[in-house]
Amino acid sequence: MNPEWRLLQDGITDAHHHFAVEEALVRLMDDGISPPTLRLRRVRRAVFVGVYQDTWAEVDVDYCRKHGIKIVRRANAGGAVYHDLGSFCYSAFFQHKGKSDCGTVGSGAFFPRAAFPQSEEELYHVFAKPVIRTCADYNVMAHFHGRNDVLVGERKIYGSAQIAWYDAFVQSGTFLVNMDFDVMDRALTPPALKFADKPARSVKERVTSLARELGRELDTNEVIERFAVKFAQILGIRLVPGELTPRERELAGELLAVKYGTDEWNFGTRQARGVTVSARATSGVVVLSADVEDGTIRQARIRGDFLVSDRAKVGRLEQALAGHRLEDAQAAVQAAELPLDVKETLVRLLTEVVQEGRTGANRMDLDQ
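Criteria and thresholds
- Residues numbered from 1 in each chain as written.
- Predicted model: local features only at pLDDT ≥ 70, side-chain atom pairs only at ≥ 80, totals over all residues.
- Heavy atoms only, no water.
- Axes fitted to C-alpha atoms, helices over the stretch in contact; angles between N-to-C directions.
- Helix = DSSP H or I, 4+ residues; strand = E, 2+ residues; numbered from the N terminus.
- Parallel < 35°, antiparallel > 145°, perpendicular 65-115°, else oblique.
- Left-handed = near helix turned anticlockwise from the far one by under 90°.
- Contact = heavy atoms within 4.5 Å.
- Nonpolar A, V, L, I, M, F, W, Y, C, P; charged D, E, K, R; others polar.
- Pairing = 2+ DSSP bridges.
- Core = buried A, V, L, I, M, F, W, Y, C linked by side-chain atoms within 4.5 Å.
- Buried < 20%, exposed > 50% of the residue type's maximum accessible area, 1.4 Å probe, protein only.
- Domains from an automatic or database assignment.
- 1 Å grid on protein atoms, 1.4 Å probe; cavity = no way out; pocket = protein on both sides within 12 Å on 5 of 7 lines; lining within 4 Å.
- Points joined across faces, edges and corners; volume = space filled by probe spheres on them.

*Asks:* I'd like a description of the packing of helix α11 (residues 311–321) against helix α12 (residues 326–335), backed by residues and values.
*Replies:* In the contact formed by α11 and α12, the axes pass within 9 Å of each other and the chain directions differ by 160 degrees. Considered as vectors, α11 and α12 are oriented roughly antiparallel to each other. Crossing of α11 against α12: the hand is right-handed. Counted together, Leu317, Ala320 and Leu321 of α11 and Ala329, Ala332 and Val333 of α12 form the full contact between these two elements. Here the contact of α11 with α12 is built from residues that sort into six nonpolar, no polar and no charged.

Given below as C-alpha cells:
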C-alpha cells in the first residue's frame, strides 16, 4: 500500500501568513508532530524575496506599496518572484530521516526520507516531473533546465527551491498558470547579472505561463487538480485531504507576529558600511558585502539568488570570514559546506572586496 500524505489546501491567500504557515509546518515536521504533507496554495498579489537577497535591490518597493503588492522574505533560497491568484505554489514536507518504514496521516509514523534516495540536486528533477506532465496534458511541451527550472522553449514556466531543517525537508515550487506580466515586470528589479547567460533581458521576456502558451486564460483550480494527481502518481503516494492542526495554526500565528509580518525580516536594516561586489555562479548571482580594514575582513554578508537549502551553512561562513585576511578567508570558503560553484565565485569575490577595501572605493550601505 502506498504511503499516505496529507493534502493541505488551507485557503490562506495573505503572503505573510502563508510563509508563517510554511515555517510552522517544517518546524513541526522536524519535531515529529506534523505528517508528510503536500500543501497547495495561491496568494493575493505579492513579491516573494529569496532568503539571501537584498529586498531593496531586487524589488521596486515604492511601486509595490503604491499598488498594494505585499513583500515578504521567504525562508528558502533563489530569486525574487511575483505571485498573484492566477498561479499557484506547492510545498512538499517530509522527513530527512524516516521514523518508520511507512505511515499514515496523523499516526505519528512518517514517510521515510529513504523513499527519496536521490541527492538534493536530483530531487529538483523528481519534483519537476509533475509540472512537465501537467503541461503535457495541455499539449504544451516543457523540459527541465539547469538546476531547478522547467522551461517551455527558452522561457521559464516553473522554478523551485529547497529547505533543509534538521531532520525535515521542504521542496517548493511555483507553477505559472495565468500571470499579469506587466505588473511582474514593474514589481521586480533584478540585476543585469541575472540575465548574463540568457537570451532574455527582462523578467517579462524570461518567463511564460500556461495561459500564454495556449493563448487563453485557464481555470487555475483545474490545473492544480491535475498537478496533484501527477504528483501522487510520480511519487507513489496517496493524498488524503486534511486541515491545519491547532498546534500548526498556533505556531503560524506566532511566526506571523514576530517574523513574517515584520519589516525587520522582510526588508532588513541598514547598519554598517562596506564594499559590495557581485558575480554570477552556475547556480545564481552571488553578492558579497564586507567591511575591510587594513586588509582584514571585519564583517561579511553573503547575498544572492544562489541555491543553498541550509541557511545555517551560509551564516557559519559569514562568521568564519570575520577577523581574517584574504588567504585565511579564502581557506574558510574552501572548507565551507557549499556548492562548488558558489565557493569558487566567493573566492574570486573575496579578492575583489579586499582590493577595493584597501583603496576605500565603492563604499555603500551594508544591509543586515
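*Asks:* A description of the sheet that holds strand β9 (residues 155–165) should follow, citing residues and the corresponding values.
*Replies:* Reading across from one edge, β7-β8-β9-β10-β6-β2-β1-β11 is the order of the eight strands in this open sheet, with mixed pairing throughout. Either end of the sheet is taken by a strand with one partner, and the two such strands are β7 (143–145) and β11 (238–242). Averaged over all pairs of adjacent strands, the angle between their axes in this sheet comes to 25 degrees, without regard to strand direction. The pairing of β9 with strand β10 (residues 168–175) spans eight bridges and is antiparallel. Its bridge partner lying in β10, isoleucine 163 is registered against valine 170. Along the sheet face, helix α8 (residues 220–235) touches β1 (4–8), β2 (37–41), β6 (88–95), β10 and β11 and points at about 25 degrees away from the line of β6.

*Asks:* Outline the nonpolar core, supporting the account with residue identities and numerical values.
*Replies:* Membership of the largest hydrophobic core comes to 118 residues, with the highest contact counts inside it found for Val47, Phe127 and Phe231. For this core, the element with the highest residue contribution is helix α1 (residues 15–30), accounting for nine residues. When residues of this core are sorted by domain, at least three fall in each of domain 1 (4–266) and domain 2 (272–355). Setting aside chain neighbours within four positions, we find valine 47 in contact with Val59, Cys64, Ile69, Lys70, Ile71, Val72, Ala80, Val81, Tyr82, Ala187 and Leu188.

*Asks:* Could you give an account of empty space enclosed by the protein, with specific residues and numbers?
*Replies:* Under the counting rule described, the total for this entry stands at one cavity of 30 Å³ or more. Taken as a whole, the largest cavity encloses approximately 90 Å³ of empty space. Around the largest cavity sit 13 residues that line it, and Phe19, Glu22, Glu23, Ala75 and Ile163 are the ones nearest its centre. Elements represented by at least two residues in the lining of the largest cavity include exactly α1, β6 and β10. By residue number, the principal contributor to the lining of the largest cavity is α1, which donates four residues. The class makeup of the residues in the lining of the largest cavity is seven nonpolar, three polar and three charged.

*Asks:* Which residues make up the pairing of strand β14 (residues 296–304), and what are the values?
*Replies:* Pairing of strand β13 (residues 284–293) with β14, which is carried by eight bridges, proceeds in the antiparallel orientation. Following the sheet pairing, aspartate 291 is matched in β14 by glutamine 299. The pairing of β14 with strand β15 (residues 324–325) spans two bridges and is classified as antiparallel. Following the sheet pairing, threonine 296 is matched in β15 by arginine 325.

*Asks:* Please provide a residue-by-residue account of the sheet that holds strand β3 (residues 46–49), values included.
*Replies:* Taken in spatial order, the three strands line up as β4-β3-β5 in an open sheet, and their pairing is mixed. In the strand order of this sheet, the two ends are held by β4 (70–73) and β5 (81–83), each with one partner. Ignoring strand direction, the axes of neighbouring strands in this sheet form an average angle of 25 degrees. Bridging between β3 and β4 involves four bridges; their strand directions are parallel. Note that in β4 the partner of alanine 46 across the bridge is lysine 70. Lying on the sheet, α1 is in contact with β3 and β4; it crosses β4 at an angle near 20 degrees.

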